[in-house]
Amino acid sequence: EPTEKPEPTEKPEPTEKPEPTESPDCDNSKYSQALKLSLLFYEAQRSGKLPKDQRVTWRKDSALDDLIPGGYYDAGDYVKFGFPMAAMTTMASWGAVDFKEGFVKACEWENAKKMIKWATDYFIAAHTAENEFVGQIGDGDIDHAWWGRPEDMTMERPAAKITTSKPGSELAAETAAALAAASLVFKDDDPNYSAKCLKHAKELYQFADEHRGTYSDSIPDAGQFYKSWSGFNDELGWGAMWLYRATDDQSYLNKAKQLGLNVAGEISWDNKASAALILLAVETGDIAYASKAEQFCNKIFNETPKTNDGLVFIQQWGSLRHASNVAYACLYAESKGVLSNSYKASAKRQIDYILGDNSRDFSYLIGYGDSYPLRPHHSSSSCPSTGTCGWDDFNSGDPNPHVLYGALVGGPKSANDYDYEDKRNDYICNEVTTDYNAGFQSAVAALVAMGEE
């Protein structure tokens, strides 16, 4: 029965949790603790040559022979899917730009910048010519047929790119959004790097806009896993709004307005229309866009099904990720004064639910609280430190040998609080991905900045 809670006594290798380095001046609210943990998860997902200050020490250098080394592994697997990697970078940067104070209060600003730069360094390297971008490394089917450590991979890892003859507007425009948002993150602390991000953002946006085409037609393998269902207009609008924020160039704002975006019932790696409309509302002060922002938050929190405990249930894949994304977007919109009603309590409820304020007393953020997932669908943490690792480890009922601190799991797969099981083979409930954490991370940063407890 999914109602059973895992025994909290099964805590493997608790010594691995990195020592917090903060001074007594750091905010230590529950949201700050969650923020610290989330940033650790991203270190567990790093591909390439790891830095000397790597805190997740059971991970080592991997995939050094990739056409473009570095970046992040997508999920429990080892494909580097460019589209969701870009989307999560924009979502994480959004929180860093607008709620920097939350990261500073938690003494996590340096870690936040490192988390973003690990992605943007990769995007800059993957932008191999003005109208060329490497959008995927690894083959989904080959990758998913193997279970083990990334350090031990020997399979072929093909690279796929978009070009003028094989365009990918979603991918190029979303990467432009990520780099433009990151340019704002680094503007004060590293102006040279900020300018570099912005230069690549402008070129990639122009590539997306002038050579229009669906990225998953040009990179068919990506279409099996991250097909663009919503088309590319939402990315063109989203990218334009981030470039407008980064440049104050009116032509980007005009472009975003001309796309005629409509409110959608989610904000996700695929669909950013509602997020772009919220930015339009904030940047223009126009009542027409403010009413769209209001329409979105109202639709989510007052018209979308909820579980008995108050989780907004948008869809079964990554239900907690969906709830976190909308929570963040509406917290942001409300903080900027563009909403006529308050959704703060409803947004905060989503985050509190994730952190264990639910009828199961179960935290869906690994390492937070006393009871949390022990068997995430995540290959590297399921492998012991030494010896062989393979499908026997996948099929084992034991907890993962390494605690995947800070990872947010998929969550309940229906609008039933108990429709969740802590099983490694349940990749709907227990998958973890870099995308799942990004909106959540921005939401907890916002709550820290707002002084919420």
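The shown structure was predicted, so the numbers you read here are calculated from the model rather than taken from an experiment. (Residues numbered from 1 in each chain as written. Predicted model: local features only at pLDDT ≥ 70, side-chain atom pairs only at ≥ 80, totals over all residues. Heavy atoms only, no water.)

Digging into helix H2 (residues 82-98)
At 3.6 residues per turn, the α-helix brings residues three or four places apart onto the same side.
So, point 1. The first and last C-alpha atoms of H2 sit 24 Å apart over 17 residues, in line with the 24 Å expected at 1.5 Å per residue.
So, point 2. Judged by how many residues are buried, H2 sits mostly within the fold: 16 of 17 residues are covered. (Helix = DSSP H or I, 4+ residues; strand = E, 2+ residues; numbered from the N terminus. Expected span 1.5 Å × (residues − 1). Buried < 20%, exposed > 50% of the residue type's maximum accessible area, 1.4 Å probe, protein only.)

Here's the deal with the pattern of salt bridges
So, point 1. Scanning the entire structure with this criterion turns up 29 salt bridges.
So, point 2. In this structure, the salt-bridge partner of Arg 55 is Glu 43, at a minimum N-O distance of 2.9 Å. Taken as a pair, Arg 55 in the loop between helix H1 (30-44) and strand E1 (80-81) and Glu 43 in helix H1 lie far apart in primary sequence, 12 residues in all.
So, point 3. Overall, the relative accessible area of 5% leaves Glu 43 in the buried class.
So, point 4. Put simply, Arg 212 and Asp 209 hold a salt bridge, and the shortest N to O gap is 2.6 Å.
So, point 5. Taken together, the shared-partner salt bridges in this structure form one network comprising Asp 98, Arg 245, Glu 283 and Lys 336. (Salt bridge = Lys/Arg side-chain N within 4 Å of Asp/Glu carboxyl O.)

Things to note about the nonpolar core
So, point 1. One finds Trp 94, Phe 123, Phe 296, Ile 351, Tyr 364 and Phe 440 to be the most contacted residues of the largest nonpolar core, which totals 144 residues.
So, point 2. In terms of residue count, the dominant contributor to this core is helix H6 (residues 169-185) (11 residues).
So, point 3. Ignoring any residue separated from it by four or fewer positions in sequence, one finds Phe 440 in contact with Ala 34, Ser 324, Ile 351, Ile 354, Leu 355, Leu 365 and Leu 408.
So, point 4. Counting 5 residues, the second largest nonpolar core, distinct from the first, contains Ala 63, Tyr 78, Met 153 and Met 155. (Core = buried A, V, L, I, M, F, W, Y, C linked by side-chain atoms within 4.5 Å. Contact = heavy atoms within 4.5 Å.)

Concerning the layout of surface pockets
So, point 1. Each pocket or cavity is described by its volume, and for the largest pocket that value is around 750 Å³.
So, point 2. Around the largest pocket, the lining comprises 33 residues; the ones closest to its centre are His 144, Phe 225, Tyr 226, Trp 317 and Glu 431.
So, point 3. Those elements giving two or more residues to the lining of the largest pocket turn out to be helix H5 (140-144), helix H9 (220-226), helix H14 (319-335), helix H17 (391-395) and helix H18 (434-449).
So, point 4. For the lining of the largest pocket, the element with the most residues is H9, which contributes 4 residues.
So, point 5. When the residues that make up the lining of the largest pocket are grouped by side-chain class, the tally is 14 nonpolar, 10 polar and 9 charged. (1 Å grid on protein atoms, 1.4 Å probe; cavity = no way out; pocket = protein on both sides within 12 Å on 5 of 7 lines; lining within 4 Å. Points joined across faces, edges and corners; volume = space filled by probe spheres on them. Nonpolar A, V, L, I, M, F, W, Y, C, P; charged D, E, K, R; others polar.)

Considering unusual backbone geometry
So, point 1. Even without a glycine there, the phi angle at Ala 63 is positive, about 50°.
So, point 2. With respect to the helices and strands, Ala 63 occurs in the loop between H1 and E1.
So, point 3. Looking at Ala 63, the relative accessible area reads 14%, which means it is buried.
So, point 4. Even without glycine at this site, Asp 361 takes up a positive phi of about 50°.
So, point 5. By secondary structure assignment, the location of Asp 361 is in the loop between helix H15 (344-354) and helix H16 (379-382).

Overview of the packing of aromatic side chains
So, point 1. Enumeration according to the criterion identifies 29 aromatic pairs in this entry.
So, point 2. Note on Phe 41 and Tyr 42: the rings are 5.6 Å apart at their centroids and 55° apart in plane angle, and the pair reads as tilted.
So, point 3. Given the relative accessible area of 1%, Tyr 42 is considered buried.
So, point 4. Ring pairing ties together the aromatic residues Phe 81, Phe 83, Tyr 215, Phe 225, Tyr 226 and Trp 269, which thus form one cluster.
So, point 5. The ring of Trp 118 is capped by Arg 46, whose NZ or CZ atom sits 4.7 Å from the centre of that ring.
So, point 6. One cation-aromatic arrangement involves Lys 117 over Tyr 193; the distance from NZ or CZ to the ring centre is 4.7 Å. (Phe/Tyr/Trp six-rings, centres within 6.5 Å; stacked < 30°, edge-to-face > 60°. Lys NZ or Arg CZ within 6 Å of the ring centre and 35° of its normal.)

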